[in-house]
Amino acid sequence: MSQEPAFSVRDLHVSYGGQPALKDVGMDIEPCKIIAVIGPSGCGKSTLLRCFNRMNDLIPGAKITGEVLYNGQDIYAKDVDPVTIRRSVGMVFQRPNPFPKSIRDNVAYGARINGYKGNMDELVERSLRGAALWDEVKDNLNKSALSLSGGQQQRLCIARAIAVEPDTILMDEPASALDPVATSKIEDLMQELKEKYTIIIVTHNMQQAARVSDKAAFLYTEVNETGKARWGILVEYDDTDRIFTNPRDKRTEDYISGRFG
Amino acid sequence: MRERYRRELDSVDQDVVRMGALVEQAIEQATIALIESDATLALRVMEADNDIDDLYVGIEKRALSILAKQAPVAGDLRLIVAILRATHDLERAGDLAYNVAKVAAKQVPVARIKAISGLLVELSAESRSLLSKAIDAWAEKDVILARSLQDFDDDIDELHKRFYREIFALKQDETSFETAMNAALVGRWFERIADHGVNVAEGVQFYITGQEELLG
């Protein structure tokens, strides 16, 4: 790897209420790359994603062991404030979730509570431009965010995420509720965003993973002997070209070819 | 999962084997027509080339449809790419058999030049045998058999060189210039058929290993 990784995950185990959800994950994530996390339902993709900004802390009974180094610092170390991590590692969810406020307030919200002292109008414009939404909303910044289309709302959420100037954006199926045109806009936007940000995206859409990502991680569900406990493992993590043309593991091949899952 | 897709992919894959069998048959019959100066058989071989072409067009259409609608990845994607390449080679090999049949249909007495007729028959048999093995390797997805064809092709190249040397050594009273030239062309076409067989074998290797290694 030419650069220091943005994230280094080592021996990561996650359990909820004593039940394992993810076992023994290890991976390095280079900065300014798009990483797709793929795998069947229930394999721990979202659980893994939430480990990168300590969102699992919010789930009662969640226990995380192992290391997630972010720019060399263990984000699960005792003296680390999860809020600080979430400021640097933003998140965009499956369904667009703008606040019932104006477009401007949605973008300014995070910066305002962080005590942003700069020119707020400039920040709003810069963030909306960064999310490829400015031209569509610049004359209606005071309109309710809820008046926007689904695709515009999702880009607004991306603008809101980048307004607090993170360096990583986590995306949990950001286009699954959008039509193909809105999906293309999000995918194009991701390519622009990766010039500045590291992006980790969970997606069920194999073609989307193949189109947008530089590297792909395939997670798969393992089941114990009694069939009662199941958890996710990282089967293969490699360049997206390699994963989609010649994966090393048969389970990856079978899954992406639609033989199971 | 995706059973219709898998069935369609398997069926297109099988059609490559069918197409290979038709090409093999064309080579065999074109050679018989040449040796026995059987113009009727030669014309039948030329007509049968339409079946090979139809199969080629059909396979290509179905492969494109799979690419467009099913977005195959990994091994499936490599198989489709290998199918598109292999059928192109088989179609060319079919055209070369057609050319041989055309020489036979014109009753050019290439097989009656005593000094070279044995070598010509051998060249035809060896090239057909290589193509046949390539089709077997395809049908069984047998990468070891596919790789073994490289040495086989080297032997055919040597045979082809010997064949050329014999043509250059022909005396004026042994044959006409036109017949000698046709003989040289027919020999070249058989040698090219073997090359197309090697390309088909390379497709098997690409499908199985994902590596582009040129055998010939």
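The model shown is predicted, which means the values in this text are computed figures rather than measured ones.

Per the secondary structure count, chain A includes 10 helices and 10 strands. A compact globule built from 261 residues should have a C-alpha radius of gyration of about 18 Å, and chain A, at 19 Å, falls within 12% of that. Each principal axis of the C-alpha atoms in chain A carries an extent, and together these give about 60 × 45 × 40 Å. Excluding contacts between residues fewer than 6 apart, the proportion of contacts in chain A whose partners are at least 24 apart in sequence is 67%.

All right, on to the pattern of salt bridges then. In this structure the tally under the stated criterion is 26 salt bridges over all chains. Salt-bridge contacts for Arg54(A) lead to Asp57(A); the nearest nitrogen and oxygen are separated by 2.7 Å. For Arg54(A), a relative accessible area of 12% puts it in the buried group. Asp57(A) gets classed as partly exposed once you look at its relative accessible area, which sits at 33%. A salt bridge links Arg211(A) to Glu187(A); the nearest nitrogen and oxygen atoms lie 2.8 Å apart. Taken together, the residues span a long stretch of sequence, with Arg211(A) in helix 8 (residues 206–212) and Glu187(A) in helix 7 (residues 180–193) at a distance of 24 residues. For Glu187(A), a relative accessible area of 8% puts it in the buried group. Where salt bridges share partners, they join Lys250(A), Asp254(A), Arg259(A), Arg6(B) and Asp76(B) into one cluster.

Counting residues at the interface gives 14 residues for chain B and 12 residues for chain A. Roughly 1000 Å² of surface becomes buried between chain B and chain A when both sides are summed, with 46% attributable to carbon and sulfur atoms. For the interface between chain B and chain A, the tally reads one salt bridge. For the pair chain B and chain A, the number of links is six residue pairs in polar contact (both at pLDDT 80 or more). Mapped onto the side of chain B that touches chain A, the elements with two or more residues apiece are helix 1 (3–35) and helix 3 (74–105) of chain B. Considering each element in turn, the side of chain B that touches chain A owes the most residues, five residues, to helix 3 of chain B.

Turning next to the confidence of the model for chain B. Counting all residues, the mean pLDDT for chain B is 95, and 100% of those residues have values of 70 or more. Scored by ipTM, the complex comes to 0.76, with pTM at 0.85.

What follows is about unusual backbone geometry. Residues and elements named next belong to chain A. Phi angles above zero are rare outside glycine, and Asp 11 is one such case at about 50°. Residue placement: Asp 11 occurs in strand 1 (residues 7–16). For Asp 11, a relative accessible area of 49% corresponds to the partly exposed category. Here the phi dihedral of Asp 24 falls at roughly 55°; this positive angle occurs in a residue that is not glycine. Within the element layout of this structure, Asp 24 appears in strand 2 (residues 19–29).

Our focus in this paragraph is the packing of aromatic side chains. Residue and element names in this part refer to chain A. Per the stated rule, a full pass over the model turns up six aromatic pairs over all chains. Measuring from ring centre to ring centre gives 4.9 Å for Phe 7 and Phe 52, while their planes differ by 70°; the resulting arrangement is edge-to-face. Taken as a pair, Phe 7 in strand 1 and Phe 52 in the loop between helix 1 (45–51) and strand 4 (62–70) lie far apart in primary sequence, 45 residues in all. Here the two residues Phe 7 and Phe 52 agree in accessibility, since each one is buried. Taken together through their ring pairs, the aromatic side chains of Phe 7, Phe 52 and Tyr 70 make up a single cluster. A cation over an aromatic ring shows up here: Lys 23 above the ring of Trp 231, its NZ or CZ 3.6 Å from the ring centre.

Criteria and cut-off values
Residues numbered from 1 in each chain as written. Chains lettered and ligands numbered in written order. Predicted model: local features only at pLDDT ≥ 70, side-chain atom pairs only at ≥ 80, totals over all residues. Heavy atoms only, no water. Helix = DSSP H or I, 4+ residues; strand = E, 2+ residues; numbered from the N terminus. Rg over C-alpha atoms; globule rule 2.2 N^0.38 Å. Contact = heavy atoms within 4.5 Å. Salt bridge = Lys/Arg side-chain N within 4 Å of Asp/Glu carboxyl O. Buried < 20%, exposed > 50% of the residue type's maximum accessible area, 1.4 Å probe, protein only. Buried area = accessible area lost by both parts, 1.4 Å probe. Polar contact = N/O pair within 3.5 Å; in protein donor to acceptor, adjacent residues only side chain to side chain. pLDDT = per-residue confidence, 0-100. Phe/Tyr/Trp six-rings, centres within 6.5 Å; stacked < 30°, edge-to-face > 60°. Lys NZ or Arg CZ within 6 Å of the ring centre and 35° of its normal.

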